[in-house]
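Topology and contacts: notes
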Amino acid sequence: MGGSLLTGGNVLSVIGRVVGRDYSGNKLVLVVSAMKGVTDLLIRAFDNHDTNALDEALSIYMNEALNLGFNKLVSFLELIREDLRRFINLDDPWIRDYVIVHGELLSTLLVERVLNDSLGFKAKAVYEPGIVTDGNWGFASVDHESSSKNVVGKLGNMLSKYDVIVVPGFLGITNDGRYTSLGRGGSDYTASLLANYLGASRLTFYTDSGGILSGDPRIVNDAVLLREVGYDEAYTASLLGARNSTQGPSNHY
């Protein structure tokens with residue numbers, strides 16, 4: 001789900017609609033983005049050592065958790081905020097990636113709680129689904145051979161135990177265990193990779209835009225609307241910054 005889809009006050013209704021449409025007894029892997037505006041705030045927080053931007057980003061999740069009655073989650077988010085306050089004062093490139101992928105990590109945490117406690121599904125959050133990358137901080141490249149083995153090994157068994165597996169988009173992990181970001185559009189890319197590795201019967205993108213485009217219209221002058229695409233096309237489109245929609249699933253059977 002694209003980041004523009006999850007906004008304050010709508011998480012429960014959006015997750016309910018998405019899972020209600022796609023579940024129907026099927027096993028789901030739900031790839032989530034940061035809530036709207038959070039990644040930009042985290043980037044500002046790190047680049048400018050700005051605690052106010054960090055607090056604003058975390059408050060989006062805290063307020064949503066409060067509205068849903070997840071008081072224990074609020075307390076946990078306060079601990080995460082204090083931890084990140086220490087990190088934004090450091091300058092190492094890998095730490096920047098670690099900070100900015102927290103939008104996806106926090107969405108994963110929140111969506112898991114909504115699925116289990118509010119909607120009655122048996123859901124499990126996986127904060128590192130097994131996508132292995134190099135250390136090209138900010139736009140890491142994926143090692144597909146290692147990633148495919150890791151994803152199948154990690155998620156394949158879990159799908160037999162849970163209705164929904166919730167994973168963060170936008171991120172990978174290096175061989176020495178450090179988080180990397182996959183660049184803008186990384187959540188769509190993540191979903192395409194996981195669908196391919198797991199041999200999924202369907203891949204569906206959800207955002208609030210008007211359709212699936214072949215490229216970012218701000219960059220690609222002749223981007224066209226794609227009504228249906230396969231995994232390879234979805235992968236290529238995600239690399240070009242394509243924006244996706246709730247108005248039609250991208251399926252490959």
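Please refer to the structure placed before this passage.
These lines cover the structure that appears in this document, whether it is placed above or below. (Residues numbered from 1 in each chain as written. Predicted model: local features only at pLDDT ≥ 70, side-chain atom pairs only at ≥ 80, totals over all residues. Heavy atoms only, no water.)

1. A closer look at the overall build of the protein
If you tally the helices and strands in the protein, you get nine helices and seven strands. Restricting to contacts in the protein with at least 6 residues of sequence separation, those with at least 24 account for 72%. About 11,300 Å² of surface is accessible on the protein, with carbon and sulfur atoms providing 49% of the total. (Helix = DSSP H or I, 4+ residues; strand = E, 2+ residues; numbered from the N terminus. Contact = heavy atoms within 4.5 Å. Areas by Shrake-Rupley, 256 points an atom, 1.4 Å probe, with all protein chains shown as cover.)

2. Regarding the side chain of Ser147
In this structure, Ser147 sits in helix 7 (residues 144-158). Take Ser147: its relative accessible area is 0%, and that puts it in the buried class. Reaching out from Ser147, the side chain makes a polar contact with the backbone oxygen of Asp143 at a distance of 2.7 Å. (Buried < 20%, exposed > 50% of the residue type's maximum accessible area, 1.4 Å probe, protein only. Polar contact = N/O pair within 3.5 Å; in protein donor to acceptor, adjacent residues only side chain to side chain.)

3. Examining the nonpolar core
Core analysis: the biggest nonpolar cluster contains 51 residues, and Leu30, Leu77, Val99, Leu115 and Val164 have the highest contact counts within it. Secondary structure elements with two or more residues in this core: helix 1 (11-22), strand 1 (28-32), helix 2 (38-47), helix 3 (51-67), helix 4 (71-87), helix 5 (93-100), helix 6 (102-118) and strand 3 (164-168). (Core = buried A, V, L, I, M, F, W, Y, C linked by side-chain atoms within 4.5 Å.)

4. Some details on helix 6
With 17 residues, helix 6 ought to run about 24 Å at 1.5 Å a step, and its terminal C-alpha atoms sit 23 Å apart, in line with that. The element helix 6 is extensively covered by neighbouring structure, given that 13 of its 17 residues are classed as buried. Downstream of helix 6 by one or two residues, Gly120 has phi in the positive range, about 80°. (Expected span 1.5 Å × (residues − 1).)

5. Points about the packing of aromatic side chains
This model, assessed by the stated rule, comprises three aromatic pairs. Following the ring pairs from residue to residue traces out a cluster consisting of Phe87, Trp94, Tyr98 and Tyr179. Directly above the ring of Phe70 sits Arg113, whose terminal nitrogen or CZ lies 5.8 Å from the centroid. One residue, Lys122, lies across the ring of Tyr162, its end atom 5.6 Å from the ring centre. (Phe/Tyr/Trp six-rings, centres within 6.5 Å; stacked < 30°, edge-to-face > 60°. Lys NZ or Arg CZ within 6 Å of the ring centre and 35° of its normal.)

6. So, the sheet that holds strand 2 (residues 123-125)
Taking strand neighbours across the sheet as the criterion, the three strands line up as 1-3-2 in an open arrangement whose pairing is parallel. Edge positions in the open sheet fall to strand 1 and strand 2, since each of these has one partner strand only. Sheet twist, expressed as the average angle between the axes of neighbouring strands with direction ignored, equals 25°. Against the sheet, helix 6 touches strand 1, strand 2 and strand 3, its axis set at about 160° to strand 3. (Pairing = 2+ DSSP bridges. Axes fitted to C-alpha atoms, helices over the stretch in contact; angles between N-to-C directions.)

7. Describing the packing of helix 2 against helix 5
Two numbers describe a pair of packed helices, the interaxial angle and the distance between the axes. Between helix 2 and helix 5, the shortest axis-to-axis distance is 9 Å and the interhelical angle comes to 145°. Our pair here, helix 2 against helix 5, has a crossing hand that is right-handed. For the pair formed by helix 2 and helix 5, the contact residues are Leu42, Ile43, Phe46 and Asp47 on the first element and Ile95, Arg96, Val99 and Ile100 on the second. Residue composition of the contact of helix 2 with helix 5, grouped by class: six nonpolar, no polar and two charged. (Left-handed = near helix turned anticlockwise from the far one by under 90°. Nonpolar A, V, L, I, M, F, W, Y, C, P; charged D, E, K, R; others polar.)

8. Quick word on the pattern of salt bridges
Per the stated rule, a full pass over the model turns up nine salt bridges. When the shortest N-O distance is used, the salt bridge between Glu82 and Arg85 registers 3.0 Å. Here Glu82 pairs with Arg85, and both are found in helix 4, just three residues apart, close to one helical turn. Classification of Glu82 as partly exposed rests on a relative accessible area of 33%. For Arg85, a relative accessible area of 27% puts it in the partly exposed group. In this structure, Arg86 engages Asp83 in a salt bridge whose closest nitrogen and oxygen atoms are separated by 3.0 Å. Placement of the pair is Arg86 and Asp83 together in helix 4, with a separation of three residues, close to one helical turn. Relative accessible area serves as the criterion here: at 54%, Arg86 is assigned to the exposed category. One salt-bridge network, in which partners are shared between bridges, spans Asp55, Arg81, Glu82 and Arg85. (Salt bridge = Lys/Arg side-chain N within 4 Å of Asp/Glu carboxyl O.)

9. Describing unusual backbone geometry
The phi torsion at His49 lies on the positive side, around 50°, for a residue other than glycine. Summarising the element assignment, His49 is placed in the loop between helix 2 and helix 3. Of note, Phe170 is a non-glycine position whose phi angle comes to about 80°, a positive value. Position of Phe170 relative to the elements: it lies in the loop between strand 3 and strand 4 (171-173).

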